[in-house]
Amino acid sequence: MEDSTHQEQASPVVKARIQNSFDRQGLMGHLGARITHIAPGRVHIALPSRPEVTQQHGYFHAGATSAIADSAGGYAAFTLFPENTSVLTVEYKINLLAPAAGEHIEAVGTVLKSGRTLTVCQLEVFGVQDGRRSLVANGQQTLIRVNKPEQ
């Protein structure tokens, strides 16, 4: 299932909606993160290694790791939401499994259950070095669908 889901692409309309929202996130821009894959119920976000996103030992900081995981899950949920809605995180828990190292880290948010109001996502973060991925964090997230105010 991983391969078929990974290959599937969201519609151009959904991709544009996700990318436009992502581009308005000041933190993601500040960190230098970028979306690398958008599929129905699945979004990948990459963060290149640079000193500004590391901690004192040179590993990616847990805050940066958590931030891209949160956004990946949020946008994965958002791919399944109807027009004129938005998404907010209700809560998330992340386990840091290994020091996050590599050329970049990649967060993968995957919808486990999309409901009318609440959506639950799986969060995974991989350290990537020379094309090899190593799981460095995983977690779970709950999101809420909110209606945009009418203009």
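In case you missed it, the structure is sitting above this.
Residues numbered from 1 in each chain as written. Predicted model: local features only at pLDDT ≥ 70, side-chain atom pairs only at ≥ 80, totals over all residues. Heavy atoms only, no water.

*Asks:* So what's going on with the side chain of His-37? Which residues, and what values?
*Replies:* Along the chain, His-37 turns up in strand S1 (residues 34-39). Under the relative-accessibility criterion, His-37 is labelled buried at 9%. A polar atom in the side chain of His-37 sits 3.5 Å from the side chain of Gln-9. (Helix = DSSP H or I, 4+ residues; strand = E, 2+ residues; numbered from the N terminus. Buried < 20%, exposed > 50% of the residue type's maximum accessible area, 1.4 Å probe, protein only. Polar contact = N/O pair within 3.5 Å; in protein donor to acceptor, adjacent residues only side chain to side chain.)

*Asks:* I'd like a description of the nonpolar core, backed by residues and values.
*Replies:* Ranked by internal contacts, the top residues of the largest apolar core, which has 36 residues, are Ile-45, Leu-47, Ile-68 and Val-125. A per-element tally of this core places helix H4 (residues 62-78) first, with nine residues. For Ile-45, the residues in contact, after removing those within four places along its chain, are Phe-22, Ala-33, Arg-34, Ile-35, Thr-36, Ile-68, Ser-71, Ala-72, Ile-105, Glu-106 and Ala-107. (Core = buried A, V, L, I, M, F, W, Y, C linked by side-chain atoms within 4.5 Å. Contact = heavy atoms within 4.5 Å.)

*Asks:* Would you mind going over the pairing of strand S2 (residues 42-48) in detail, with residue names and values included?
*Replies:* Along S2, six of the seven residues are buried, which leaves the element largely enclosed by surrounding structure. Pairing analysis gives five bridges linking S1 to S2, with the strands arranged antiparallel. Within S2, the residue paired with Ile-35 across the bridge is Ile-45. What sits between the antiparallel neighbours S1 and S2 is a turn of two residues, in which Gly-41 has the positive phi angle 80 degrees. Two elements, S2 and strand S4 (residues 104-114), share seven bridges in a ladder whose sense is antiparallel. For Ile-45, the partnering residue across the bridge sits in S4 and is Ala-107. (Pairing = 2+ DSSP bridges.)

*Asks:* Requested: an account of unusual backbone geometry, with residues and values cited.
*Replies:* The phi torsion at Asn-84 lies on the positive side, around 60 degrees, for a residue other than glycine. Position of Asn-84 relative to the elements: it lies in the loop between H4 and strand S3 (85-96). The exposure class of Asn-84 is exposed, given its relative accessible area of 56%.

*Asks:* So what's going on with the sheet that holds S2? Which residues, and what values?
*Replies:* Pairing is antiparallel across the open sheet formed by six strands, whose spatial order is S1-S2-S4-S5-S6-S3. Every interior strand has two partners, whereas the edge strands, S1 and S3, have only one. Taken over all neighbouring pairs, the strand axes of this sheet differ in orientation by 25 degrees on average, direction set aside. Relative to strand S5 (residues 118-129), S4 runs antiparallel, the two sharing ten bridges. Following the sheet pairing, Thr-110 is matched in S5 by Gln-122. Together, S1, S2 and S3 form the strand contacts of helix H2 (residues 12-23), whose direction differs from that of S1 by roughly 155 degrees. (Axes fitted to C-alpha atoms, helices over the stretch in contact; angles between N-to-C directions.)

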